[in-house]
Amino acid sequence: MSALDHIRHLFYKETKVDVLGLPGGLDIWLFRNTEKLLEWAVAARDNYNTQGTNADQMRTLFISMLDYLDGSPNVHLDVPGGPVYADPTASKVSLLSVGTAQQQGTDLANNPPGYLDHVPLHLNGVVKAPDATSQMRQLATRVIDSLANSAKWLKEARMYARQLALMNNNQLSQREAITMIDNLVTDVTYAYIGQLNPKTNTVVPGVLQVHYDVQQLATLIITKNLPQSI
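Residues numbered from 1 in each chain as written. Predicted model: local features only at pLDDT ≥ 70, side-chain atom pairs only at ≥ 80, totals over all residues. Heavy atoms only, no water.

Caption draft 1: Structural context of helix H1 (residues 3–11). Residues Ala3, His6, Ile7, His9 and Leu10 constitute the buried set of H1. Down the axis of H1, the sector holding all buried residues measures 155°, keeping them to one side. Along its buried surface, H1 packs onto helix H3 (26–47), helix H5 (115–128), helix H6 (134–165) and helix H8 (207–216). (Buried < 20%, exposed > 50% of the residue type's maximum accessible area, 1.4 Å probe, protein only. Helix = DSSP H or I, 4+ residues; strand = E, 2+ residues; numbered from the N terminus. Arc of directions from axis to C-beta. Contact = heavy atoms within 4.5 Å.)

Caption draft 2: Layout of the environment of Met167. Examined against the element boundaries, Met167 turns out to sit in the loop between H6 and helix H7 (175–193). If near-sequence neighbours (up to four positions away) are discounted, Met167 is found in contact with Arg59, Leu172, Ala177 and Met180.

Caption draft 3: Just the packing of aromatic side chains, in detail. Evaluation of the coordinates by the stated rule reveals 3 aromatic pairs. Ring centres of Phe31 and Tyr192 lie 6.0 Å apart, and the angle between their planes is 35°; this geometry places the pair in the tilted category. Placement of the pair is Phe31 in helix H3 and Tyr192 in helix H7, with a sequence separation of 161 residues. Across this residue pair, the class does not change: Phe31 and Tyr192 are buried. For the ring pair Trp40 and Tyr68, a centre distance of 5.0 Å and an interplane angle of 55° mean the geometry is tilted. Note that Trp40 is positioned in helix H3 and Tyr68 in helix H4 (residues 55–70), a separation of 28 residues in sequence. Under the relative-accessibility criterion, Tyr68 is labelled buried at 5%. (Phe/Tyr/Trp six-rings, centres within 6.5 Å; stacked < 30°, edge-to-face > 60°.)

If you want it as structure tokens, here you go:
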């Protein structure tokens, strides 16, 4: 596949996702769903109180986050028998690939890999493509590294969301719960916006910067100097 083929998957031509009723490419859904996680995490923290009166609403938010992190076909791995609260279409594809090969990845039309595995797959394709420029390869490599950081933070967020979703109302009113919620908010904030490195005063990029960087891949340089391999 050419670099252009892989770029098309990132922007609009991901046929496996289109089968699931998700028009567009991988980039926009990775961006939107990660943004939604941050919204839900902050809302859950705002709902916390020591009386536990908002515990049910909080639990719904934690399960909604797992719907997006695991994907609705796999969320039962974290919340057995639980309902799917998130958007039924947007949650069909997970952010993280979870479970065994039998549970995700073998049925690409109904349960494809998570966005944080699928997007790097095509970025690596850009890096290896014969028609990619050196600038495109450098940019794609940088985005892959950024996504690895976001995946790390979202895996931690999934751990907290799972533990919180399984707590009863009394447990969700305890101080331990708000500490976990604060950690959850921190992880999804880093995954979406990035994390400031105080030593270098630079930001370790998150999905927001990835979204902007991926768009630069669509800027193609017109030249007569084609690679000999084409």
